[in-house]
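This is what each chain is made of:
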Amino acid sequence: MSDVNTARKRLAVVANHLAPVRPAPTTGGLIGPSNCSALINDSYHRIHGEVPTHEPVWEIVACDENGKEFTDIIYEKAVGEAIAKITINRPERRNAFRPHTVKELIRAFNDARDDSLVGVIIFTGKGTKAFCSGGDQALRSKDGYADYENFGRLNVLDLQVQIRRLPKPVIAMVAGYAVGGGHVLHMVCDLTIAADNAIFGQTGGQTGPKVGSFDAGYGSSIMSRLVGPKKAREMWFLARFYSASEAEKMGLVNIVVPLEKLEQETVKWCREILRNSPTAIRVLKSSLNAVDDGHAGLQELGGDTTLIFYGTEEGNEGKTAYVERRRPDFSKFPRRP
Ligand SMILES: CC(C)(COP(=O)(O)OP(=O)(O)OC[C@H]1O[C@@H](n2cnc3c(N)ncnc32)[C@H](O)[C@@H]1OP(=O)(O)O)[C@@H](O)C(=O)NCCC(=O)NCCSC(=O)c1cc(O)c2ccccc2c1O
């Protein structure tokens with residue numbers, strides 16, 4: 001009888017897979033993995049249900065760990081959810097960053113990394129006109145960008161490395177322009193959700209090589225990985241603008257959604273990620289970066305294996321034996337094929 005039941009179950013699963021897929025709704029419906037999964041009636045979806053789409057309640061983190069108030073950014077955490085949101089708050093400058101902005105961003109990203117209640121970070125710009133227009137050109141000097149100090153900085157490079165190595169997914173939520181150094185920032189994020197008004201470039205208008213600037217680091221190498229070497233040359237040499245749908249076709253962004261649904265969809269992606277194992281996500285991020293990041297990439301991935309190993313009985317035996325001043329007994333642990 002149990003064989004018959006097993007066969008029935010298998011048949012039901014196969015029938016599910018063969019069921020015709022309903023077309024996505026036409027008004028405001030998003031075509032993408034999240035919507036397709038909503039139509040599947042397998043055991044995973046029966047157990048986990050739909051990913052909720054309600055608005056999160058954001059709580060502002062007004063200052064950093066030293067009590068210094070944020071001026072150039074808004075740092076928020078969702079109440080009861082493992083989502084942090086970091087927003088560049090200079091809309092009057094199309095969210096161009098100055099050294100001070102970058103310092104605040106670094107502090108907020110550090111906090112989100114250290115907070116074990118945060119699992120995913122949204123990175124965005126205030127308003128709908130720009131995600132970020134790069135370095136503040138009014139502050140560009142001979143040795144970088146200078147605001148309160150009498151020397152210049154290119155400290156956005158530190159921020160890029162920080163996002164790349166942060167062991168939690170960072171999602172760029174892009175409305176409007178993502179150009180120049182702002183374009184590089186969205187590229188170093190793990191995922192990019194773009195509004196249909198987003199414009200990408202390295203860059204058009206007056207930017208990139210047109211203002212005598214280039215990013216020969218991640219701005220070039222990660223771009224080449226994302227869009228391929230020919231298209232990367234096109235983006236840098238011609239410095240054109242690309243629409244959201246062009247960017248999606250080029251592999252620069254994960255999905256394009258109507259502007260009014262941008263945050264809702266981004267939060268939905270966060271919630272979907274947060275259903276999954278944080279350690280699996282952490283190791284996946286470092287392994288996806290490892291080949292390109294050379295020694296630093298291997299160090300990150302290797303650090304993850306140490307972290308996981310410390311949690312095992314075998315790892316613990318070595319430490320306990322040392323503390324108890326006895327020989328460790330590793331004989332009880334399997335030498336797996
Ligand atoms: C982004 C735009 C295409 C938007 O055009 P739009 O017509 O919508 O808006 P306006 O041009 O009128 O801008 C409104 C307002 O904002 C000011 N503003 C915009 N962008 C910046 C900026 N980046 N810096 C300073 N101010 C900015 C603008 O002046 C207006 O002010 P008003 O007072 O007149 O109202 C368009 O704005 C645009 O093309 N902006 C310039 C983009 C740019 O040149 N970006 C810099 C590229 S270089 C860079 O970012 C960079 C930074 C780094 O730190 C690096 C580090 C290491 C290597 C490379 C780096 C690098 O390349």
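In the annotation of an unreviewed UniProt entry, the entry for the chain reads 1,4-dihydroxy-2-naphthoyl-CoA synthase, and the organism field reads Actinidia rufa. On record in UniProt, under Sequence similarities (unreviewed entry), the comment for the chain is "Belongs to the enoyl-CoA hydratase/isomerase family." Quoted verbatim from the Catalytic activity (unreviewed entry) field of UniProt, the annotation for the chain is "2-succinylbenzoyl-CoA + H(+) = 1,4-dihydroxy-2-naphthoyl-CoA + H2O".

1. Points about the sheet that holds strand β2 (residues 73-78)
In spatial order, the strands read β1-β2-β3-β4-β8-β10-β13; together these 7 strands make up an open sheet with mixed pairing. Where the open sheet ends on each side, the last strands, each with one partner, are β1 (58-60) and β13 (255-257). Ignoring which end each strand starts from, the neighbouring axes of this sheet average 25° apart. Two elements, β1 and β2, share 3 bridges in a ladder whose sense is antiparallel. Bridged to Trp58 within β2 is Ala78.

2. A word on the packing of aromatic side chains
A full pass over the atoms with the stated rule returns 5 aromatic pairs. Their ring planes at 70° and their centres at 5.5 Å tell us that Phe123 and Phe131 sit as a pair that is edge-to-face. Phe131 carries the same exposure label as Phe123, and that label is buried. Plain terms: the ring middles of Phe330 and Phe333 are 6.4 Å apart, the flat faces sit at 50° to each other, and that makes the pair tilted. Assessed through its relative accessible area of 35%, Phe330 is described here as partly exposed. Taken together, Phe109, Phe123 and Phe131 form an aromatic cluster joined through their ring pairs. For Arg164, the ring lying beneath its charged end belongs to Tyr218, and the centroid distance is 5.6 Å.

3. What to know about the packing of helix α4 (residues 99-114) against helix α5 (residues 156-165)
Remark: α4 packs on α5, axes separated minimally by 9 Å, with the N-to-C direction vectors making an angle of 15°. Comparing their axes, α5 and α4 come out roughly parallel. Remark: the crossing between α4 and α5 carries left-handed chirality. Residues Val102, Leu105, Ile106, Phe109, Asn110 and Arg113 of α4 pack against Val156, Asp158, Leu159, Gln162, Ile163 and Arg165 of α5. Looking at the contact of α4 with α5 residue by residue, the class counts come to 7 nonpolar, 2 polar and 3 charged.

Calculation notes
Residues numbered from 1 in each chain as written. Predicted model: local features only at pLDDT ≥ 70, side-chain atom pairs only at ≥ 80, totals over all residues. Heavy atoms only, no water. UniProt positions renumbered as here; feature names shortened; annotations may be inferred. Pairing = 2+ DSSP bridges. Helix = DSSP H or I, 4+ residues; strand = E, 2+ residues; numbered from the N terminus. Axes fitted to C-alpha atoms, helices over the stretch in contact; angles between N-to-C directions. Phe/Tyr/Trp six-rings, centres within 6.5 Å; stacked < 30°, edge-to-face > 60°. Buried < 20%, exposed > 50% of the residue type's maximum accessible area, 1.4 Å probe, protein only. Lys NZ or Arg CZ within 6 Å of the ring centre and 35° of its normal. Parallel < 35°, antiparallel > 145°, perpendicular 65-115°, else oblique. Left-handed = near helix turned anticlockwise from the far one by under 90°. Contact = heavy atoms within 4.5 Å. Nonpolar A, V, L, I, M, F, W, Y, C, P; charged D, E, K, R; others polar.

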